[in-house]
Amino acid sequence: MRLQNLLCYGSLILCLAVFSGCSFKIYQPAWPENLPSNSSLKARSFLSLAKDKFQQAGSEKALRSSIKSFKDVLEIDPGSREALAYLCNQYVLLGTAYTSDRKLKMHYFNEAMSYCEAAMYTNPDFRNEMENGRKPWEAAYTLQAEDAPAMLFWVTALQYEFQETMPLPSKMVNMRWLQHGKRFLDRIQEVDPEYGNGAVE
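Residues numbered from 1 in each chain as written. Predicted model: local features only at pLDDT ≥ 70, side-chain atom pairs only at ≥ 80, totals over all residues. Heavy atoms only, no water.

Engineer: Describe the overall build of the protein, with residues and values.
Structural biologist: Scanning the protein for helices and strands turns up nine helices and zero strands. Beginning at the N terminus, the succession of helices and strands in the protein can be written as α-α-α-α-α-α-α-α-α. Split into buried and exposed, the 201 residues of the protein put 41% on the buried side. Sequence-distant contacts, at least 24 apart, represent 68% of the contacts inside the protein between residues at least 6 apart. Carbon and sulfur atoms make up 53% of the accessible area of the protein, which totals about 11300 Å². (Helix = DSSP H or I, 4+ residues; strand = E, 2+ residues; numbered from the N terminus. Buried < 20%, exposed > 50% of the residue type's maximum accessible area, 1.4 Å probe, protein only. Contact = heavy atoms within 4.5 Å. Areas by Shrake-Rupley, 256 points an atom, 1.4 Å probe, with all protein chains shown as cover.)

Shown next as structure tokens:
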């Protein structure tokens, strides 16, 4: 009887999802062929200027200009983990602070998550797991302290996607994604428990 009740409950959730027009969040990998690192003086100079611009970004226009600056860094150094992580953060800010349209918010949060994954991809062990068909959260155990910003921003973008773009039925059918995020949070606790002054706790 209990199993029947669970099945009925599951069917009810699925029906609510279908009739409310909500969607299942699907993981769509888009890994680059490679992310060569180029820590040249020019790349470091561009990164420093981009970071300064971000510190002064107090408007949407300034934030978009900052985003462009970090993308310019990637033109020189595609494997810049730091530039990729900054872009994660900035797309989260763009979606939360300067966008009211729900679909556009979702786009920005997913863009943030993609940059986070690209930052993780600069870790050779993580990249190897991706090339073997694993999903990012399944390979969280390969990530290290230097990957903490990308992991945290990935979870932050996911949480905002839930909070600001998903109706209740969508949240219900996509709950497994929160478990995916927890894997990253657990890994941060393992490799850098003091990251963000213990923000993960």
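What follows picks up the thread again.
Engineer: Provide a residue-level description of the packing of aromatic side chains, including the pertinent values.
Structural biologist: Summed over all chains, the structure comprises nine aromatic pairs. A centroid spacing of 5.7 Å and a plane angle of 85° characterise the contact between Phe54 and Tyr86, whose relative ring orientation is edge-to-face. Taken together, the residues Phe54 in helix α2 (residues 41-55) and Tyr86 in helix α4 (residues 81-97) connect sequence positions 32 residues apart. Take Phe54 and Tyr86: they sit in the same class, and that class is buried. Through successive ring pairs, a cluster of aromatic residues spans Trp137, Trp154, Trp177 and Phe184. (Phe/Tyr/Trp six-rings, centres within 6.5 Å; stacked < 30°, edge-to-face > 60°.)

Engineer: I'd like a description of the side chain of Glu161, backed by residues and values.
Structural biologist: Among the secondary structure elements, Glu161 is positioned in helix α7 (residues 148-165). Ignoring anything within four residues of it in the chain, the contact list for Glu161 reads Lys25, Met106, Phe109, Asn110, Met113 and Met166.

Engineer: Got a sec to walk through the pattern of salt bridges? Specific residues and values, please.
Structural biologist: Following the criterion strictly, the structure yields eight salt bridges and no others. With its nearest N and O atoms 3.0 Å apart, the salt bridge here joins Asp186 to Lys182. One end of the pair is Asp186 and the other is Lys182, both in helix α9 (residues 176-191) and four residues apart, which spans about a single turn. Since its relative accessible area comes to 34%, Asp186 is described here as partly exposed. Among the salt bridges present, the one from Glu190 reaches Arg187, with a minimum N-O distance of 2.9 Å. Note that Glu190 and Arg187 are positioned in helix α9 at a spacing of three residues, about one turn of the helix. A relative accessible area of 13% places Arg187 in the buried class. (Salt bridge = Lys/Arg side-chain N within 4 Å of Asp/Glu carboxyl O.)

Engineer: Would you mind going over the side chain of Glu129 in detail, with residue names and values included?
Structural biologist: Positionally, Glu129 belongs in helix α6 (residues 124-131). Once residues within four sequence positions are removed from consideration, Glu129 is found in contact with Arg134, Ala139, Tyr141 and Thr142.

Engineer: Outline α6, supporting the account with residue identities and numerical values.
Structural biologist: One turn of an α-helix holds 3.6 residues; hence residues three or four places apart share an orientation. Within α6, the full set of buried residues consists of Phe126, Glu129 and Met130. The buried residues of α6 occupy one face: seen down the axis, they fall within an arc of 100°. What points out from α6, more than 90 degrees from its buried face, is the exposed set Pro124, Asp125 and Glu131. On its buried face, α6 sits against α5 (102-121). (Arc of directions from axis to C-beta.)

Engineer: Go over the environment of Gln159 with me, naming the residues and quoting the values.
Structural biologist: Take Gln159: it is sitting in helix α7. Exposure remark for Gln159: the relative accessible area of 37% places this residue in the partly exposed category. Sequence separation between Gln159 and Gly181 is 22 residues, and the spatial gap between their C-alpha atoms is 8.7 Å.

Engineer: Lay out the environment of Leu74 in plain terms, naming residues and giving numbers.
Structural biologist: Relative to the elements of secondary structure, Leu74 occurs in helix α3 (residues 60-76). Measuring from C-alpha to C-alpha, the distance between Leu74 and Leu84 comes to 7.9 Å, with ten residues separating the pair along the chain. Excluding residues that lie within four positions of it along the chain, Leu74 makes contacts with Ser80, Ala83, Leu84, Leu87 and Tyr115.

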